[in-house]
Amino acid sequence: MLMYSDSFEKETFKETVKDNVKALFRKQIEEATPQQIFQAVSYAVKEIIIDDWLTTQAEYRKKDAKTVYYMSMEFLMGRALGNNLINMTAYKEVREALEEMNIDLNVIEDQEPDAALGNGGLGRLAACFLDSLATLNYPAYGCGIRYRYGMFKQKIENGYQVETPDDWLKEGNPFELRREEYAKEVRFGGTIRFEKDPETGKDTFIQENYESVRAVPYDMPIVGYGNHVVNTLRIWDAEAITNFSLDSFDRGDYHKAVEQENLAKRIVDVLYPNDNHYAGKELRLKQQYFFISASLQALIAKYKKHHDDIRKLYEKVAIQMNDTHPTVAVPELMRLLIDVEGLDWEEAWEVTTKTCAYTNHTIMAEALEKWPMDLFSRLLPRIFQIVQEIDRRFISEIRAKYPGQEEKVEKMSILWGGQVRMAHMAIIAGYSVNGVARLHTEILKGQELKDFYEMMPEKFNNKTNGITQRRFLLHGNPLLADWVTGRIGDGWITDLSKLENLKVLVNDEQARREFMQIKYKNKVRLAKYIKEHNGINVDPRSIFDVQVKRLHEYKRQLLNILHIMYLYNQIKEHPEMSFYPRTFIFGAKAAAGYLRAKETIKLINSVADVVNNDRSINGKLKIVFIEDYRVSNAELLFAAADVSEQISTASKEASGTGNMKFMLNGAPTLGTMDGANVEIVEEVGAENAFIFGLSSQEVINYENNGGYNPVDIYFNDWELKRVIDQLMDGTYSGGDHNMYRNLYNSLLNTQCTDRADTYFILKDFRSYVEAQKKVEAAYRDENRWSKIAMMNTACSGKFTSDRTIEEYVKDIWKLEKVGVSLVQ
Ligand code: 26Y
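- By the naming in an unreviewed UniProt entry, the chain is Alpha-1,4 glucan phosphorylase, taken from Faecalicatena contorta.
- The chain has a UniProt comment under Cofactor (unreviewed entry) that states "pyridoxal 5'-phosphate".
- Recorded in UniProt under Sequence similarities (unreviewed entry), the annotation for the chain is "Belongs to the glycogen phosphorylase family."

1. Remarks on the overall build of the chain
Part 1: A count of helical and extended segments in the chain gives 33 helices and 25 strands.
Part 2: Computed over the C-alpha atoms, the radius of gyration of the chain is 27 Å, within 12% of the 28 Å expected from 2.2 N^0.38 for a compact globule of 824 residues.
Part 3: Projected onto its principal axes, the C-alpha coordinates of the chain cover approximately 95 × 75 × 60 Å.
Part 4: A burial count over the chain gives 50% of its 824 residues as buried.

2. As for the sheet that holds strand β23 (residues 643–646)
Part 1: Sheet architecture is open: six strands sit in the order β22-β21-β20-β23-β24-β25, paired in parallel fashion. Two strands close off the open sheet at either side, each with one partner strand: β22 (621–626) and β25 (690–691).
Part 2: Where β23 and strand β24 (residues 669–671) come together, three bridges link them in parallel fashion. When the bridges of β24 are listed, serine 644 appears paired with threonine 669.

3. Concerning the UniProt feature "modified residue: N6-(pyridoxal phosphate)lysine" (unreviewed entry) in the chain
Part 1: In the numbering used here, UniProt assigns the "modified residue: N6-(pyridoxal phosphate)lysine" (unreviewed entry) feature to Lys661.
Part 2: The topology assignment puts lysine 661 in helix α25 (residues 658–664).
Part 3: Filtering out sequence-adjacent residues up to four positions away, lysine 661 remains in contact with Ile467, Phe472 and Phe638.

4. Quick notes on unusual backbone geometry
If a residue is not glycine, its phi is most likely negative; likewise, a peptide bond is most likely trans.
Part 1: Positive phi outside glycine occurs at asparagine 137, with the angle close to 65°.
Part 2: Summarising the element assignment, asparagine 137 is placed in the loop between α6 (121–135) and β4 (140–145).
Part 3: Among the residues examined, asparagine 137 registers 20 C-beta atoms within 10 Å and is labelled buried.
Part 4: A positive phi is found at aspartate 757, a non-glycine position, where the angle reads about 50°.
Part 5: With respect to the helices, strands and loops of the structure, aspartate 757 is situated in the loop between α30 (741–748) and α31 (761–780).
Part 6: We classify aspartate 757 as buried; it has 23 C-beta atoms within 10 Å.

5. Considerations on the environment of glutamine 35
Part 1: In this fold, glutamine 35 is placed in helix α2 (residues 34–63).
Part 2: On the basis of neighbour counts, which here come to 14 C-beta atoms within 10 Å, the residue glutamine 35 falls in the partly exposed class.
Part 3: Along the primary structure glutamine 35 and isoleucine 108 are separated by 73 residues, whereas in three dimensions their C-alpha atoms are 7.0 Å apart.
Part 4: With sequence-adjacent residues up to four places away left out, glutamine 35 is seen in contact with Gln111 and Glu171.

6. Observations concerning the site of the ligand
Part 1: With respect to spatial proximity, 22 residues lie near the ligand, and among them Gly121, Leu122, His361, Ala654 and Ser655 are the closest.
Part 2: Of the residues belonging to the shell around the ligand, the class tally is six nonpolar, 13 polar and three charged.
Part 3: Counting contributing residues, the shell around the ligand receives three or more from each of domain 2 (64–75 + 130–359 + 431–465) and domain 3 (483–697 + 760–799).

7. Topic: the nonpolar core
Part 1: Ranked by internal contacts, the top residues of the largest apolar core, which has 245 residues, are Phe290, Ala329, Val607 and Leu637.
Part 2: Ignoring anything within four residues of it in the chain, the contact list for valine 607 reads Ile561, Ile564, Met565, Ile623 and Tyr732.

8. What about the pairing of strand β1 (residues 67–71)?
Part 1: Of all five residues making up β1, five are buried, and the element is well covered by its neighbours.
Part 2: Alternating positions in β1 separate into two faces, Thr67, Tyr69 and Met71 on one and Val68 and Tyr70 on the other, with burial throughout.
Part 3: Where β1 and β4 come together, four bridges link them in parallel fashion. When the sheet's bridge partners are listed, methionine 71 is paired in β4 with cysteine 143.

9. Overview of the pairing of strand β10 (residues 203–208)
Looking along a regular strand, one sees side chains alternate from face to face of the sheet.
Part 1: Buried residues are scarce in β10, accounting for zero of its six residues.
Part 2: The pairing of strand β9 (residues 191–196) with β10 spans six bridges and is antiparallel. Across the sheet, residue threonine 191 finds its bridge partner in β10, namely glutamate 208.
Part 3: The loop that links β9 with its antiparallel partner β10 comprises six residues; one of these, glycine 201, has a positive phi angle of about 80°.

10. Concerning the sheet that holds strand β16 (residues 415–416)
Part 1: With antiparallel pairing, three strands are arranged side by side in an open sheet as β15-β17-β16. Lying at the two open borders of the sheet, with one neighbouring strand each, are β15 (370–372) and β16.
Part 2: With respect to the sheet, helix α16 (residues 422–429) is in contact with β15 and β17 (419–421), its orientation differing from that of β17 by roughly 40°.

11. Some remarks on helix α22 (residues 557–573)
Part 1: In this model, α22 (17 residues) spans 24 Å end to end at C-alpha, consistent with the 24 Å of a helix rising 1.5 Å per residue.
Part 2: The buried fraction of α22 is high, at twelve of 17 residues.
Part 3: Of the residues making up α22, those classed as buried are Gln557, Leu558, Leu559, Asn560, Ile561, Leu562, His563, Ile564, Met565, Tyr566, Leu567 and Tyr568.

12. So, the packing of α6 against helix α33 (residues 801–813)
Part 1: Where α6 contacts α33, the axes come no closer than 9 Å and their chain directions differ by 75°. In terms of orientation, α6 lies roughly perpendicular with respect to α33. Contact residues: α6 offers Cys128, Phe129, Asp131, Ser132, Leu133 and Thr135, while α33 offers Ser801, Asp802 and Ile805.
Part 2: Split into classes, the residues belonging to the contact of α6 with α33 amount to four nonpolar, three polar and two charged.

13. Digging into the confidence of the model for the chain
Part 1: Chain-level statistics for the chain give a pLDDT mean of 96 and a share of 97% at 70 or above.
Part 2: Under the prediction, the complex receives an ipTM of 0.97, its pTM being 0.97.

14. What to know about the packing of α22 against helix α23 (residues 595–612)
Part 1: With their axes 10 Å apart at the nearest point, α22 and α23 run at an angle of 20° to one another. In terms of orientation, α22 and α23 fall into the roughly parallel class. As α22 runs across α23, the sense of the crossing is left-handed. Taken together, the residues of α23 that come into contact with α22 (itself represented by Gln557, Leu558, Ile561, Ile564, Met565 and Tyr568) are Thr600, Leu603, Ile604, Val607 and Val611.
Part 2: When the residues that make up the contact of α22 with α23 are grouped by side-chain class, the tally is nine nonpolar, two polar and no charged.

15. Things to note about the environment of leucine 664
Part 1: On the secondary structure map, leucine 664 appears in helix α25.
Part 2: Since 27 C-beta atoms lie within 10 Å of it, leucine 664 is described here as buried.
Part 3: Considering only alpha carbons, one finds leucine 664 and alanine 789, 125 residues apart in sequence, at a separation of 9.5 Å.
Part 4: Leucine 664 has contacts with Gln469, Phe472, Leu473, Thr793, Ser796 and Phe799, leaving out every residue within four places of it along the chain.

16. Some points on the environment of alanine 365
Part 1: With respect to the secondary-structure elements, alanine 365 resides in the loop between β14 (356–359) and β15.
Part 2: Separated by 314 residues in sequence, alanine 365 and aspartate 51 have C-alpha atoms that sit 47 Å apart.

Each value, and the rule that gives it
- Residues numbered from 1 in each chain as written.
- Predicted model: local features only at pLDDT ≥ 70, side-chain atom pairs only at ≥ 80, totals over all residues.
- UniProt positions renumbered as here; feature names shortened; annotations may be inferred.
- Helix = DSSP H or I, 4+ residues; strand = E, 2+ residues; numbered from the N terminus.
- Rg over C-alpha atoms; globule rule 2.2 N^0.38 Å.
- Buried ≥ 20, exposed ≤ 12 C-beta atoms within 10 Å, placed from the backbone.
- Pairing = 2+ DSSP bridges.
- Contact = placed C-beta atoms within 7 Å.
- Near = placed C-beta within 6 Å.
- Nonpolar A, V, L, I, M, F, W, Y, C, P; charged D, E, K, R; others polar.
- Domains from an automatic or database assignment.
- Core = buried A, V, L, I, M, F, W, Y, C linked by C-beta atoms within 7 Å.
- Axes fitted to C-alpha atoms, helices over the stretch in contact; angles between N-to-C directions.
- Expected span 1.5 Å × (residues − 1).
- Parallel < 35°, antiparallel > 145°, perpendicular 65-115°, else oblique.
- pLDDT = per-residue confidence, 0-100.
- Left-handed = near helix turned anticlockwise from the far one by under 90°.

Shown next as structure tokens:
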């Protein structure tokens, strides 16, 4: 069957869907449930993808092309069906075909659970990168874990977050392919004995009494846009190696067999739902080694099929480590090269350091992985020996370069204070170290990683993040996508810089009216979602002010809600005051054990309860908390936003990528000069953004000089004081004086945190209030606002992940494009 829009066969497609419903569910299409139709449609789509998948991989083989392996603990893919149809350029055709069968594609798409194998930015970035790599014709694998349960589902009960398991595979996953024949063994624990090989005289290392697990890969197709390229996301499942068999039952080992089965499965049970916070859990290290060892074994086997010199691995393979989470790849690659392939240390080190590269996504100390040495060596005894040797050699390099400066050893070695510092290993072994926005990379070079930068400046480079316009405009905002295409052609879909052609239209009144009309329709669409999910009526003519992202203190959702409390006080106190109606929308998951984050969610919901039900304010203020914020509902939110809240404490947000999705959809940034906001303002112009707050340098200066005293501000700003006091006086807690005590203390009490107001909320409060006033004034001026909104879309070209990927390819991976010819 043919599918791409140039050759779509509607009747064949419809027949296939009907046949699939019969074959899968023994039903006629009229009797099938939406979920069953989703399955039937997906299998029809997969059938076509498979052909392109085969062709692509054959072409890669023929060209013997260099391949990048993107190693990541997280891939936040979201739904596949709609995205695949978009990239196969068959979305509209399929929608019409289904319409003829009285089936609504939107309803069918809603049947698919999000593949939420990630927490937030880092995981979604990996997903955008895969989309761009395929679209740009680059050979690439994503390598990760097939978590049985992805990111938890969030329910809000009585204003509190409640986590429930995300059983995303319950109905089966039509797009995945189990690849039994590529299963690998991964070993944990035990002891290491070494022997001299009597023939070669080389040391050989023998692991004994270990526990082993079978890693089985599942492949998911990654469809490029309109180019028939299909790359692979390979995620690993874990199984016991001793097969649960009648044999063991007979031997009375039944129990043991089941036990082993369960132990193995546990490895891939669940994604750790911590974002930017390291917890040091043994099972997580197991997960890391599990998928890394399996992926490296597989890539070496693949390489060796057609190459005989493993010393040249780096000519055909680049390994990108998505933060420190996959860094165990360094010693594992060394182990495979030395113990299995028989290379000596120097040879293996050369291969490893020409193959592995590292991306840093955070400068926050609490996010850095530092494994306790005893845990690490117990779980991975041979790997630990190798880490020790890497460290020993590196320390002698430090001493050679900086004689007498022993503090350099303390600051840069891998093993220190009983810990294995994973970031150090990644920097030492990686041939490239990159940050994810210009400011972030500069901070790494000048502060956090200063010593490394001084010692090896050539490794450091910046790769400002990006997002895929295929999902976040073409799929998520079809009205705007069609309008843009009507105005400037469809070149933007694969070349986002084309959006700059919209700039001339900013002075065209008609164009602006159409642009704002589309925004309005998207707001109506979101209002409907909110009505259905929250039971709240919101006015699509009000300003939609949106903050959606993980809940974290540094992202300062607390600043946002304190400001809303302040506005509410103002409106109550001055009912005559002119105030443009606002709808404040939040979406955020808090890590399950993060108390202050959970308290913030409760606060937002409680303020929402009070404010939304206060008739005296005539609906001027509405607050909505979107339950279970995830990729699929994010698409609706970006399309409908008027204002993009990007209000992190300057220096803390490495880049941000939500900021780019809002911008693309025509929402100006209300934000600090942090992460990629800096570059957004540079592209769009300061007059088309609303910037406030301390600069990163000011924050860093305060931090180095012992912070500041928020209590001074508190006593000198009675309106702010009143808001903070309202956390304790029962206004938003039905009289309970303890409900928000942790939040209150975090702002004022030095005894409860290392430093009161660690994230400078009081310090930035007034500046935020002023910026918000400017937003309101700008919005009242329809002409001005429509220009601002359109300029944001028009200037967002830089922030495509296509640009980011081209930079990685050119500076780090050195890949060649491989064309896939149409085979039908
Ligand atoms: C160690 C472990 C618990 C851990 C797990 C997840 C540590 C960090 C993370 C996730 C980090 C993350 O998502 N970082 C974000 O990466 C984005 C993509 O580069 C950035 O845009 C964003 O600023 C950064 O916070």
